[in-house]
Amino acid sequence: MNTKSSISKFVVDAKNLATRELNEKIREAIRDGHKQIDIQNVSGQRYIAAGIQELIDIEIFGVPGNDLGVFMDGSKVVVHGNAQDATGNTMNSGEIIIHGDVGDITGMSARGGKIFIQKNAGYRTGVHLKEYQGLRPIIVIGGTAQDFLGEYMAGGVIIMLGLNLKGGIHNADYVGTGMHGGSIILSGDVRGIGREVEVQQLDQEDNRLVEHSVQEYSKHFGCKVDEILGSKFKKLKPVSTRPYGNLYSY
Amino acid sequence: MLRSRRLPEYNVRIDTDTCTVCKACVIQCTFDVFSYMKIENKISIDESKCVDCHRCMIYCPDKSISITPTPIQYRPNASWNKESIHNIMKQAESGGILLTSMGCDKPNYNYFDRLLINASQVTNPSIDPIREPMEVKTYLGRKPDKLTISDNNGDSIIETSESPQLLLETPIMFSAMSLGSVNINVQESLAMAAASSGTYQNIGEGGLHPRLKKYAKNLIVQVASGRYGVHKKYLDTGAAVEIKIGQGAKPGIGGHLPGEKITKEISEARRIPAGTDAISPAPQHDIYSIEDLSQLIHAIKEATEYSKPVIVKIAAVHNSAAIASGIARSGADIIAIDGMRASTGAAPLVMRDNVGIPIEMAIASVDTRLNQEGIRDKISIIAGGGIRSSSDAFKIIALGADACYISTVALIAMGCTVCQKCHTGKCPWGLTTMNPSISIRINPKMESKRVANLVRAWTLEIKDMLGGMGINSIESLRGNRHQLRGVGLSEQEMEILGVRPAGI
Ligand code: SF4
Ligand code: SF4
């Protein structure tokens, strides 16, 4: 029997567990009152921490499968390894920290929370990020990302640091296509941007946010804060909050 | 915009002999056709703005108003009728996509009217549903392949774990209408009617208004490409969760609610800032395949701990049968198929009237395919898009659906006259408008009664038709195409529908 505890770490061994079994184990641990959960030997199991509303610290050792933290609301998930597609899908609040790379559509439709990616992200990172009242999602990418970064963004912030970027150019094209809210802040150039966005200088508030985020990034992964902050950042903002204002005939 | 060269479509006349200049029409018309001229003490009319909604006629206490189509017609021409000429003029003036609302208004795509229902004569007795039991209860959800029953000292115990089911007292449900497409008074009317009729209301993609929470047992919540208002508590609220892939009125395209319609109320339900466009992308970007769909289904199931059925809604398109087969295998409990005559709050005219296939064809081919593959019981089918009467509902069940979705019908019950102007946001009947001074025209207590009455009446009629053919349970009607005959259909059409011609 599990002893009820909120201090000691609860350890789940995911080895040979199917997705549903693993998630049931995690939910059971939460029901038992555990606040810190380590999951060992994770190998592609999906939906870890799906819809969890309790404030739990989860550490994942291995590679979690798709939809890590989908619908999550408040917990903190640290991944010691890479993560796959749809990490933080439609997340409401909480934090996901990935010590490695992530797949596609990271943070899709998230309404709040933070996602820190140590290295690189795949396609459509931050697609349709939103924000609402006190909630504003932030995605920090240490390295680079692929095409359609921040597509349809309606709110929130993506910060891309471009660490170890070769030639100062991110491979991403169509950045911010369909964007109508929020901002993308990046160091380095991209191959192309959507016609709904324009390049702007960072204002004071942006600078503060970048500084704060880089410090947090460094806390998670370790990096040379001053060196990064010394590099040149630019910001992509939507031209209009009403991109489709005059498309129709009534 | 360039000056319009279109002729007014309606004549609006006030009979000055009976008019008492009470100004009711000035207040009632939301399209500003009428205005009061103080000095002359009379009503002036701008008939070019009239949309033929009849609100003024009904609310004129003296019955002095008449609305008629203008007698001036363009020269008769089979290719160039008024609609085609006006559409071209409109686009030449604005350069924009023609926007419309409600369902396709062309006659060509209807099969219900060419299908006839059987009845018992002599060789098997019909049943009188008023005096004899008649079961129209319907369970929606995945059914087990087999039941494992064990014996516990003489007590039988069912060991097969049940999949979650929706219990319907009548096979009629209210199709997705989001907060934003209709206002909260309409949503609450439907929720009350659903609760009193023992059925479900789908609240669409637009979040949950706090006023609906008390009807949670009868609500289906939707997850669509915009993911508006979707969060854990929202998923927990509904009796079922519907993933919307497409809708019959505009298959394959997304949509957006223009910024001016994002009022404070809507912004709170959708959880987005007021005033910005709410864009629903065309695809769900986490679904590019059946495998991806399966993933979202399971993400929702994990988040709701496998406690409720997941519905996948698709528009009826050419290869619906193959797609439905994939959906049945993806882990979904219910598939909702929306035919091409389905209504919408706003859609490009070109999509509404040209894209998709009729619901009759889609349901028949999906049912056939799933039966052939032996997986029909793995999934329940809800049919929507074009159902106008209890006989349409009856026929679609006989073609293979388990239940049907209605929406235009419910709106008409609440006053809609199908003027097709929902997209203007000025609905004169207070339905598809967010303007609080117009939406108060809907009183949920009163309007829910009309909707519940309608559901009751249809249910009685369905029982009558069942009894007439000697069947005492709606289950025995599902996919029972022997009970249908076709008139005026080609051989191939009948083959797809799985019906024989009338007379044999
Ligand atoms: S738009 Fe409706 S209310 Fe206004 S004049 Fe025409 S029929 Fe009457
Ligand atoms: S809902 Fe209103 S605007 Fe839409 S068709 Fe009906 S009456 Fe006209």
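Please read all numbers here as calculations on a predicted model, not as lab measurements.

## A word on the sheet that holds strand S19 (residues 347–348) of chain B
The sheet built from 3 strands is open, its strands ordered S14(A)-S5(B)-S19(B) with mixed pairing. One side of each edge strand has no neighbouring strand; the edge strands of this open sheet are strand S14 (248–249) of chain A together with S19 of chain B. Two strands pair when backbone bridges link them, and strand S5 (residues 97–100) of chain B and S19 of chain B are joined in this way by 2 bridges, in the antiparallel orientation. By the bridge assignment, Thr100 of chain B is partnered in S19 of chain B with Ala347 of chain B. With respect to the sheet, helix H3 (residues 82–94) of chain B is in contact with S14 of chain A together with S5 of chain B, its orientation differing from that of S5 of chain B by roughly 120 degrees.

## A look at the nonpolar core
General note: in soluble globular proteins, nonpolar side chains tend to be found buried as a group. Core analysis: the largest hydrophobic core is formed by 132 residues, its most contacted members being Phe34, Ile337 and Ile396 of chain B. Two domains each put at least three residues into this core: domain 1 (10–96) and domain 2 (160–480) of chain B. Sequence-distant contacts of Ile337 of chain B, that is, excluding residues within four places in its chain, are made with Ile314, Ala316, Ile359, Ala362, Ile363, Val366, Ile381, Ile382, Ala383 and Gly384 of chain B. Judged by nonpolar contacts, the second largest core, of 46 residues, contains Val42, Ala49, Val77 and Val197 of chain A.

## Remarks on the state of the cysteines
Residue and element names in this part refer to chain B. What the rule picks out here adds up to 0 disulfides over all chains. No disulfide involves Cys404; its nearest neighbouring cysteine sulfur is the one of Cys416, lying 18 Å away. The exposure class of Cys404 is buried, given its relative accessible area of 0%.

## Re helix H10 (residues 359–372) of chain B
Residue and element names in this part refer to chain B. Between the first and last C-alpha of H10 there are 20 Å, a value that for 14 residues agrees with the 20 Å anticipated at 1.5 Å per step. Buried residues belonging to H10 abut helix H8 (320–329), strand S18 (334–338), strand S20 (380–384), helix H11 (390–398) and helix H15 (491–497). Immediately beyond the C-terminal end of H10, within one or two residues, lies Gly374, with a positive phi of roughly 70 degrees.

## Remarks on a nonpolar patch on the surface
All names here are of chain B. There is a patch of nonpolar side chains on the surface, built from Leu147, Ile149 and Ile158 and spanning about 310 Å² of accessible area. Mapped onto the secondary structure, Ile158 falls in strand S9 (residues 155–158). Under the relative-accessibility criterion, Ile158 is labelled exposed at 55%.

## Structural notes on the packing of H8 of chain B against H10 of chain B
The packing of two helices is summarised by the inter-axis angle and the distance between the axes. Residues and elements named next belong to chain B. Relative to each other, H8 and H10 sit at 50 degrees, their axes nearing to 8 Å. In terms of orientation, H8 lies oblique with respect to H10. Note that H8 runs across H10; the crossing there is right-handed. Counting all contacts with H8, which are made through Ser320, Ala321, Ala322, Ala324, Ser325 and Ala328, the residues of H10 involved are Ser365, Val366, Arg369 and Leu370. Across the contact of H8 with H10, the residue classes tally to 6 nonpolar, 3 polar and 1 charged.

About the thresholds
Here, residues in each chain are numbered from 1, in the same order as that chain's written sequence. For naming, the first written chain is A and the first written ligand is 1, with later ones following in the order written. Two thresholds apply to this predicted model, a pLDDT of at least 70 for residue-level local features and 80 or more for giving and counting side-chain atom pairs, whereas whole-chain, interface and lining totals are computed over all residues. Side-chain figures throughout are based on the complete set of non-hydrogen atoms in the structure, without hydrogens or water. Pairing between strands requires that DSSP locate at least two bridges from one strand to the other. Per the convention used, a helix needs a DSSP run of H or I reaching at least four residues, while a strand needs a run of E reaching at least two, with both numbered from the N terminus. Two residues form a contact once any of their heavy atoms are found within 4.5 Å. Interaxial angle, 0 to 180 degrees, is taken between N-to-C directions of lines fitted to C-alpha atoms, where a helix line uses only the stretch in contact. We call a set of buried residues a nonpolar core when its members are Ala, Val, Leu, Ile, Met, Phe, Trp, Tyr or Cys and they connect through side-chain atoms within 4.5 Å of each other. Relative accessible area decides the class of each residue, using a 1.4 Å probe on protein chains only: under 20% of the type maximum gives buried, over 50% gives exposed, and in between gives partly exposed. These domain boundaries are the output of an automatic or database domain assignment. Throughout, disulfides are identified as pairs of cysteine sulfur atoms within 2.5 Å of each other. Residue count minus one, scaled by 1.5 Å, sets the expected span of a helix. Residues enter a patch when their relative accessible area is above 30% and they make no salt bridge; the linking distance is 9 Å between like charges and 5 Å between nonpolar side chains (Val, Leu, Ile, Met, Phe, Trp, Tyr). Using a 1.4 Å probe, accessible areas were evaluated by the Shrake-Rupley method; residue-level cover was limited to the displayed protein chains. Any carboxyl oxygen of Asp or Glu that lies within 4 Å of a side-chain nitrogen of Lys or Arg is treated as forming a salt bridge with it. Roughly parallel means an angle under 35 degrees; roughly antiparallel means over 145; roughly perpendicular covers 65 to 115; every other angle is labelled oblique. It is the rotation of the near helix from the far one that decides the hand of a crossing: anticlockwise by less than a right angle makes it left-handed, clockwise makes it right-handed. Note that Gly is not counted as nonpolar here; it falls among the polar residues with everything else outside the nonpolar set of Ala, Val, Leu, Ile, Met, Phe, Trp, Tyr, Cys and Pro and the charged set of Asp, Glu, Lys and Arg.

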